[in-house]
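Observations on the model geometry
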Amino acid sequence: ADFGVGGMVQAKAPQYAGADWTRTIFWDPDLFVVFDELTALDPGDFRATCVWRTLGDVTLNGNRLDVEQQGEFFHITNADGARLSLRETWDRGHGGDRGYYANYPYAGKMTQVLHQDRQATLAAGESIRFVNLFQADQDAEPRGSLRTVAPGVVALFRDGEFEVLLGLGPWQHGEARIDAAAFFMAPGLAAFADLRELSLPGLQESRDGADVELDTPPELDAWLQELVAEATAPPAPAALDRPELPRELEVAWRAELGSPVICTDLWGISSPALIAAGTEDGRTVLLDADGRTVWERPAEGMVRAVRFIDIHGDGTPELLSGADDARLRAFDLAGDLLWEVEIQRYHGRSGSVASICGARLDDDPGMEVVIGSDNWHHYGFDGDGAELWRTDTTHACTVCAAGDIDGDGYDEVLAGSEYYGSKVLDQDGRAIGSVGGGPNWPACAAIDLDGDGLPEVLFGADDAIIRAQDAGNESLWQANVGGAPTAIVGLSPNEAGAVVAASSESGSVYAWDGAGELRWRTELPEQVSDLATLNIELAAACDDGTVYLLGADGSILGGYRADGRPRALSVGDLRGAGSAAIIAAWGAELLALKVD
C-alpha cells in the first residue's frame, strides 16, 4: 500500500525450513523500517540470521551499524536485541577478478556484511522477529530512532519527537484491536494494509481486506501519545555465549606467514607430514611437520586452492596451486615449477582457480588434476599439465570432488557452481548427472553411504539443503542444515556405510547415517566455516574464535581459542601414528593443534 506520505509492502515465503517467513517494509521519503518475522509451523528450536550487505567504512556502535562513504552516512539500527557481528567478504560476481563492485566509485570493493542472530524455542504459531531502521544522513549521528511498544509494534522518533507508530497485525492492546496485515498511525493520519476489523478510541471500522487511509480523531491522537510515552528503548545486542572447553588443545607449533591464509592441505601418507598453505598476498608456501617454511613461491594474485596430488604415481606428491592470476601451477617438493597452465577468460569472467582435487581419469599410475574456475568451466589435466577436457558447468565454479560412483574403475567428478544446479561429470568431462537447487553450491563430497564400496554423491547449496543421490542420478535423501553448508565430510565407514557430517553457516554441525537419518546435531555459538574429519572425530572452525574437537556423538571434547576467526582446516598425522594434529589459520598465523 502506498499512501502518498509513505507506504508499506509485505512479502511472504511460506513453508520454508519449518516456518513461514514474512518481510514487511514501511517507508517514507527519508527512511525505511523493516520487520522480518518467521513463524514456526511445528514446535522446535529455531535459529535465524538476518543478513545485511553494504559498502564503505563501517563501525558497530552498540545496536547500530554506521556506514560512511566519502562523508555521507548510512545507519542500520537494530531494535530487537539480536546478537550482532560484522564480516567482510569479496563479491566476485560478474566483475570477476575486479569484483562485483569494481565500477562503484564511492567506497572500497570489499562487501561489509552485518549478521543479526536470534534463537528461540517456539511452539507452533510463535515467531522470531527482527526489526531494523534504515536511514541515510549527512550527519554521523542518525536523526531517527525506534522504541518498542509491544512485540511487533514500534514507535518511530525523529530528533527526539514521536512521529509514527508502526506495527504488524493482528494486535490487541487492552480494548484496542487492529486486525490488519500491517499499520502505521501518526497524529492526524492512520493507514492499514489488508484491514478486516478496527476498534480504536474514536475509530471503528470493518473492511474486507482493503487498504485504508483514515483521518484520526482527537481521542485516537491522545491515546497514541499515552501509548508511546510508555515505549521502551530497544534491548542491547545479545552477548556471545561460548561453551566451556573440556580441555584446551595444545599448540604444537605456530607459523607466521605474513598474510592471511586462504587455504591449506596436509600430506600425511608418508612421515613426516608436509603442509601447504596459500595466502592472500599470492604465495604458495610449503612447511615441514614442525611448521618451518621449506619454500614459498609467488603468484600475481591470491592463492585460492592448494592440493597435494601424486600426479606421477611414484608415491611422492606434487603440490598443485591455483590462484587469482588465472594460473594452475604444479611444483615438486623441492619447489621447482614443473608446469603452469593459464586458464582463459570466458563470458566476461576471469580464469581464477577456485578449487582443485585429484581424480583417476585414465589408466596411468598417477592421479589426474581437476579444477573449477570462475570462467564457468571445470577442467581435467594429466600429470604433465596437458588439458584432457573442459566442461561448461554454467556460471562460476565453486567446488569439486571425485570418486568412482559407478564402479567402472574411473572417477566421476562432482562439479559445483554458483548457479541453480551442479553437475556430475564422467572421466571424459561429459555430464552424466545433475542436482538442482541453490543457487550457489559451496560444498560437495563423494562418500560411500551404503557400504557397497562405491561412493554416492552429496552436494550442499545456499538454500540450506544437503542432497544425496546415487550413480543413477536418483535422489536418496535431503537434509536441511539451517544455512549455507560450508563442508561435507565422511566419518569412518563400517559395513553399513559412512556417517556423513556437515557444517553450516547456521552455527551447527550435523551427522546422519547413510540413509539420511539424523544422528546428532551440535549447535555452536557462531557460523562454522570449515569441518574436517579425524577418523571418528571432527574438527570444526567456528567464527567465535574456536576450533572445536567433536566426538563421534557430537559432544565437545575440547578445542582451542584465539582472537579472530579460524579458517582453512587440514588434519592428519604429523609424524606417524599418535601424532594427529589439526592445522588451522587465524589470519596470517598458521597453528598446529595436537589431538593425540
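Right above here is the structure, for reference.
If you're wondering where the values come from, they're calculated on a predicted model, not measured in any experiment.

Each value, and the rule that gives it
- Residues numbered from 1 in each chain as written.
- Predicted model: local features only at pLDDT ≥ 70, side-chain atom pairs only at ≥ 80, totals over all residues.
- Heavy atoms only, no water.
- Helix = DSSP H or I, 4+ residues; strand = E, 2+ residues; numbered from the N terminus.
- Buried < 20%, exposed > 50% of the residue type's maximum accessible area, 1.4 Å probe, protein only.
- Contact = heavy atoms within 4.5 Å.
- Areas by Shrake-Rupley, 256 points an atom, 1.4 Å probe, with all protein chains shown as cover.
- Lys, Arg positive; Asp, Glu negative; His and termini not counted.
- Charge placed at Lys NZ, Arg CZ, Asp CG, Glu CD.
- Pairing = 2+ DSSP bridges.
- Axes fitted to C-alpha atoms, helices over the stretch in contact; angles between N-to-C directions.
- Salt bridge = Lys/Arg side-chain N within 4 Å of Asp/Glu carboxyl O.
- Polar contact = N/O pair within 3.5 Å; in protein donor to acceptor, adjacent residues only side chain to side chain.
- Core = buried A, V, L, I, M, F, W, Y, C linked by side-chain atoms within 4.5 Å.
- Expected span 1.5 Å × (residues − 1).
- Arc of directions from axis to C-beta.
- Disulfide = S-S within 2.5 Å.

Below, the discussion takes up the overall build of the protein. From N to C terminus, the protein includes 1 helix and 50 strands. Going through the 596 residues of the protein one by one, you find that 56% of them count as buried. Residue pairs in contact within the protein that sit at least 24 positions apart in sequence constitute 48% of those at least 6 positions apart. Approximately 24300 Å² of the protein is accessible, and the part contributed by carbon and sulfur atoms is 46%. Side chains of the protein carry 42 positive and 98 negative charges; the gap between the two charge centres is 4 Å.

Remark on secondary structure: sheet strands pair via backbone hydrogen bonds, oriented parallel or antiparallel. Taking strand neighbours across the sheet as the criterion, the 3 strands line up as β4-β9-β8 in an open arrangement whose pairing is antiparallel. On the outer flanks of this sheet lie β4 (44-54) and β8 (83-90), each paired with one strand and no other. Within this sheet the neighbouring strands show an average axis-to-axis angle of 25°, counted without direction. As defined by bridge partners, β8 adjoins strand β9 (residues 110-122) across 8 bridges and the pair is classed as antiparallel. Pairing of Trp-90 across the sheet is with Met-110, part of β9.

Using the criterion set out here, one finds 38 salt bridges in the structure. A salt bridge links Arg-292 to Asp-290; its shortest N-O distance comes to 3.2 Å. Residue Arg-467 is joined to Asp-463 by a salt bridge in which the shortest nitrogen-to-oxygen separation is 2.7 Å. As far as the burial class goes, Arg-467 and Asp-463 line up, both buried. One connected set of salt bridges, linked through shared partners, spans Arg-83, Arg-87, Glu-526, Asp-543, Arg-565 and Arg-567.

Here we take up the sheet that holds strand β20 (residues 261-267). With respect to topology, 4 strands assemble into an open sheet ordered β20-β21-β22-β23, the strand pairing being antiparallel. Two strands in the sheet have a free side with no partner beyond their single neighbour: β20 and β23 (293-298). Averaged over neighbouring strand pairs, the angle between their axes works out to 15° when direction is ignored. Both strand β22 (residues 283-287) and β23 contribute to a ladder of 5 bridges, which runs antiparallel. Bridge pairing links Leu-287 to Thr-293 in β23.

As a further point, take the side chain of Asp-332. Residue position: Asp-332 is located in the loop between β26 (327-331) and β27 (337-342). The buried charged residue Asp-332 lacks any salt bridge, with Arg-297 as its nearest oppositely charged partner at 7.0 Å. For Asp-332, the side chain forms a polar contact with the main-chain nitrogen of Ala-334, separated by 3.0 Å. Residues contacting Asp-332, with those up to four places away along its chain left out, are Trp-295, Glu-318 and Leu-338.

Attention shifts here to the pairing of strand β47 (residues 556-561). Pairing of strand β46 (residues 546-550) with β47 involves 5 bridges; the strand directions are antiparallel. Within β47, the residue paired with Leu-550 across the bridge is Ile-556. Two successive antiparallel strands, β46 and β47, enclose a turn made up of 5 residues, where Gly-554 displays a positive phi of approximately 90°.

Let us look at the side chain of Asp-544. For Asp-544, the position within the fold is in the loop between β45 (537-542) and β46. Here Asp-544 is buried and forms no salt bridge, its nearest opposite-charge partner Arg-561 lying at an N-O distance of 4.3 Å. Each residue touching Asp-544, except ones within four places of it in the same chain, is listed here: Leu-240, Arg-242, Pro-525, Glu-526 and Arg-561.

Of the pairings in the sheet, the one linking strand β34 (residues 421-425) to strand β35 (residues 431-436) comprises 5 bridges and is antiparallel in character. Note that in β35 the partner of Val-424 across the bridge is Gly-433. Counting the residues between successive antiparallel strands, the hairpin from β34 to β35 contains 5 residues, one of them, Gly-429, with a positive phi of roughly 85°.

Let us look at the nonpolar core. Residues Leu-165, Trp-171, Ile-178, Met-185, Phe-192, Leu-200 and Trp-223 are the most contacted members of the largest nonpolar core, which totals 27 residues. Going through the elements one at a time, β11 (144-150), β12 (153-158), β13 (161-168), β15 (176-179), β16 (182-186), β17 (189-200), β18 (203-215) and α1 (218-229) are the ones with two or more residues in this core. Contacts of Met-185, omitting those with residues within four sequence positions, involve Phe-162, Val-164, Leu-165, Ile-178, Ala-190, Phe-192, Leu-200, Leu-220, Trp-223 and Leu-224.

Further remarks concern unusual backbone geometry. With an omega of -5°, the peptide bond running from Gly-169 to Pro-170 counts as cis. Position of Pro-170 relative to the elements: it lies in the loop between β13 and β14 (171-173). For the bond from Gly-438 to Pro-439, the omega torsion is 10°, close enough to zero to count as cis. In this model, His-347 sits at a positive phi of 55°, which is unusual for a non-glycine residue. When you line up the elements, His-347 lands in the loop between β27 and β28 (353-359).

Attention now moves to the environment of Ser-529. In this fold, Ser-529 is placed in strand β44 (residues 528-534). Overall, Ser-529 belongs to the buried group, its relative accessible area being 18%. Between the C-alpha atom of Ser-529 and that of Gly-507, which follows or precedes it by 22 residues, the distance is 8.7 Å. Sequence-distant contacts of Ser-529, defined by excluding residues within four places in its chain, comprise Thr-486, Ala-541, Asp-543, Pro-566 and Arg-567.

What follows concerns α1. Helix length check: α1 (12 residues) gives 17 Å between terminal C-alpha atoms against 16 Å at 1.5 Å per residue, within 8%. For α1, the set of buried residues is Leu-220, Asp-221, Trp-223, Leu-224, Leu-227 and Val-228. With its buried residues spanning 160° around the axis, α1 presents them on a single face. Turned more than 90 degrees from where α1 packs its buried face, Pro-218, Glu-226 and Ala-229 sit exposed.

This part takes up the state of the cysteines. What the rule picks out here adds up to 0 disulfides. Of all cysteine sulfurs in the structure, the one in Cys-400 sits closest to Cys-357, which takes part in no disulfide; the separation is 3.6 Å. Left without a disulfide partner, Cys-397 is nearest to the cysteine sulfur of Cys-400, which lies 8.6 Å away.

This part is about the environment of Gly-188. When you line up the elements, Gly-188 lands in the loop between β16 and β17. Linking Gly-188 and Gly-282, residues 94 residues apart in sequence, is a C-alpha distance of 62 Å. Beyond its immediate chain neighbours, meaning those up to four positions away, Gly-188 contacts Leu-214, Asp-215, Thr-216 and Asp-221.

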